[in-house]
Amino acid sequence: TEASSTAIAATATSSAEDATATAQVNIAATAQANMTATAVAPSPSLRGPTPLGGFNVTALRLEIVRVLRNGRTLFFIIVFPSIFFFMFRSSGGRAARPQADIIAAYVMISMAVYGAMLATTSGGAMVSIERAAGWSRQLRLTPLKPAAYIAVKLVLAMIIGAVSVAVTFAVGSASGAKLPVHAW
């Protein structure tokens, strides 16, 4: 009787182990079937190269925000040319010259060009500073192409330069610099 009860217990234990093993195999097979049934391969059109090498409005907007957060850069690009305009326009006395408005216009144009050149050269300096800090190495891990990165910096420099020119022209116009309409 003891031998038969041991045989029954051994059979029950092996049956339980077999059932557990079979259940685990079934779960693994079901999970694999579900994964293959629900997994969808990405479309080749979604994984292709980014249009324009990654140049987009979002990248440009982020770069503009970065420049706007740097007060020192904004001061030298936007405020400084206007301060120079007031300093150089008023040197020598305004009443002593009969053509003071034309001289003010020439000084205004010179300071606008100064602001635009400062904006474009600071854009080039940003690229070299970011490269020294290792940012360009980080960008190589993204789909952004180096040409698109330089294009974003170039467009950024042109926008900031245009803002500098517009502010200098507005200050010059408000302070009495007169130019023909086609010269503005």
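Residues numbered from 1 in each chain as written. Predicted model: local features only at pLDDT ≥ 70, side-chain atom pairs only at ≥ 80, totals over all residues. Heavy atoms only, no water.

Q: So what exactly am I meant to see when it comes to the overall build of the chain here?
A: The helix and strand tally for the chain stands at six helices and zero strands. The buried share of the chain, taken over its 184 residues, is 22%. Counting only contacts in the chain whose residues sit at least 6 apart along the sequence, the fraction spanning at least 24 positions is 78%. About 12500 Å² of surface is accessible on the chain, with carbon and sulfur atoms providing 69% of the total. (Helix = DSSP H or I, 4+ residues; strand = E, 2+ residues; numbered from the N terminus. Buried < 20%, exposed > 50% of the residue type's maximum accessible area, 1.4 Å probe, protein only. Contact = heavy atoms within 4.5 Å. Areas by Shrake-Rupley, 256 points an atom, 1.4 Å probe, with all protein chains shown as cover.)

Q: Would you mind going over the nonpolar core with me for this structure?
A: It is characteristic of soluble globular proteins that their nonpolar side chains tend to be buried jointly. Counting 10 residues, the largest nonpolar core consists of F80, F84, F85, A104, V107, M108, M111, A112, F169 and A177. Looking at which element gives the most residues to this core, the answer is helix 4 (residues 100–133), with five residues. In this structure, L74, I77, L156 and I160 belong to the second largest nonpolar core, which totals nine residues. (Core = buried A, V, L, I, M, F, W, Y, C linked by side-chain atoms within 4.5 Å.)

Q: Honestly, helix 3 (residues 71–89) in this entry has me stumped. Any pointers?
A: Side chains that are three or four residues apart share a direction in an α-helix, a result of its 3.6 residues per turn. The first and last C-alpha atoms of helix 3 sit 26 Å apart over 19 residues, in line with the 27 Å expected at 1.5 Å per residue. The largest bend along helix 3 reaches roughly 40° and is located at V79, with the proline P81 sitting one to four residues downstream. Buried residues of helix 3: L74, I77, I78, F80, P81, S82, F84, F85 and R89, and no others. As for helix 3, its buried residues are in contact with helix 2 (57–68), helix 4 and helix 6 (146–174). The N-cap residue of helix 3 is N70: its side-chain oxygen and the backbone nitrogen of R72 are 3.3 Å apart. (Expected span 1.5 Å × (residues − 1). Bend = angle between axes of the 7 residues up to and from the residue. Polar contact = N/O pair within 3.5 Å; in protein donor to acceptor, adjacent residues only side chain to side chain.)

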